[in-house]
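# Remarks on the overall topology
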Amino acid sequence: FVGLRLTETVMTFFLTFSFFLILLYLKKANLYLLIVESLVLGFLPYLRPGFLIFSLVILIWLVYLVSISIKKIIIKSMMVFILILFFSYPMLYNITRNIKYFNQFAVLTVHNNIVKDFYLSLLVNNQDTQGIPSEVNWVYHEFFTPATREGRQEMAAKYLRFIKAKIYENPSGFLWS
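Report on the accompanying structure.

What counts and how
Residues numbered from 1 in each chain as written. Predicted model: local features only at pLDDT ≥ 70, side-chain atom pairs only at ≥ 80, totals over all residues. Heavy atoms only, no water. Helix = DSSP H or I, 4+ residues; strand = E, 2+ residues; numbered from the N terminus. Buried < 20%, exposed > 50% of the residue type's maximum accessible area, 1.4 Å probe, protein only. Lys, Arg positive; Asp, Glu negative; His and termini not counted. Salt bridge = Lys/Arg side-chain N within 4 Å of Asp/Glu carboxyl O. Expected span 1.5 Å × (residues − 1). Bend = angle between axes of the 7 residues up to and from the residue. Contact = heavy atoms within 4.5 Å. Phe/Tyr/Trp six-rings, centres within 6.5 Å; stacked < 30°, edge-to-face > 60°. Arc of directions from axis to C-beta.

Take the environment of Ile114 next. Tracing the backbone through its elements, the reader meets Ile114 in helix α5 (residues 113-123). Exposure remark for Ile114: the relative accessible area of 69% places this residue in the exposed category. Sequence separation between Ile114 and Ala156 is 42 residues, and the spatial gap between their C-alpha atoms is 9.1 Å.

The structure is reproduced here in structure tokens:
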């Protein structure tokens, strides 16, 4: 048991549920299953951004399935629109939230999490059994503090400089860690 809310657990559930819905559709050919599937696919990139391309490819495949299974153009067009709408719903919610709270357009997050996570990975020693370094908490606090777009960009640039300095400090250690 881990007392944290980890995205890996939720991601495993949604990915398994996604495949289950696809298999169920292939067995029963119920178009409502495709609608639910498109909504599930829309949530996957928020749990793991790397799944955006996977979700888009499956969505294209779902649109193809609709195009070969429905003969009437109007119904086919409505179904494709519904699939895209349900797929886009999580993105529209997040975009609206980012504009409302951060005054910034962003599909996923307004923070540059790649830079933050890369820097944090340089802090954590895989052989260290003493736990997480205290600097990690400071990085989380500092990284999410800026309230403006420019402040967030400056923070990302600052940590990018820290990353470069750490790598230049020990290039072979970086490559073999």
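Tracing the sequence through the fold places Lys76 in helix α4 (residues 73-102). Buried Lys76, no salt bridge; nearest opposite-charge side chain is Glu37, N-O distance 21 Å.

With 30 residues, α4 should reach 44 Å at 1.5 Å per residue; the first-to-last C-alpha distance of 41 Å fits that figure. A bend of about 40° at Ser88 is the largest found in α4, and the proline Pro90 appears one to four places after it. Lys76, Met79, Val80, Leu83, Phe87, Ser88, Pro90, Met91, Asn94, Ile95 and Asn98 are the residues of α4 that are buried. The inward-facing, buried residues of α4 contact α2 (31-47) and α3 (52-69). In the segment just after α4, Asn103 is the residue with positive phi, at about 55°.

Take the packing of aromatic side chains next. With the rule as written, the count across this model stands at six aromatic pairs. The interplanar angle of 65° and the centroid separation of 6.1 Å between the aromatic rings of Phe19 and Phe54 together place this pair among those described as edge-to-face. Of this pair, Phe19 sits in helix α1 (residues 7-28) while Phe54 sits in helix α3, and the two are 35 residues apart along the sequence. Using a relative accessible area of 41% as the deciding quantity, one classes Phe19 as partly exposed.

Looking now at helix α6 (residues 135-143). Those residues of α6 that sit buried are Val136, Val139, Glu142 and Phe143. Seen end-on, α6 carries its buried residues on one side only, within an arc spanning 130°. In this structure, α6 carries Asn137 and His141 as exposed residues pointing more than 90 degrees from its buried face.

This part takes up the environment of Leu85. By the secondary structure assignment, Leu85 is in helix α4. When the C-alpha positions of Leu85 and Ser38 are compared, they lie 8.5 Å apart, and in sequence the two are 47 residues distant.

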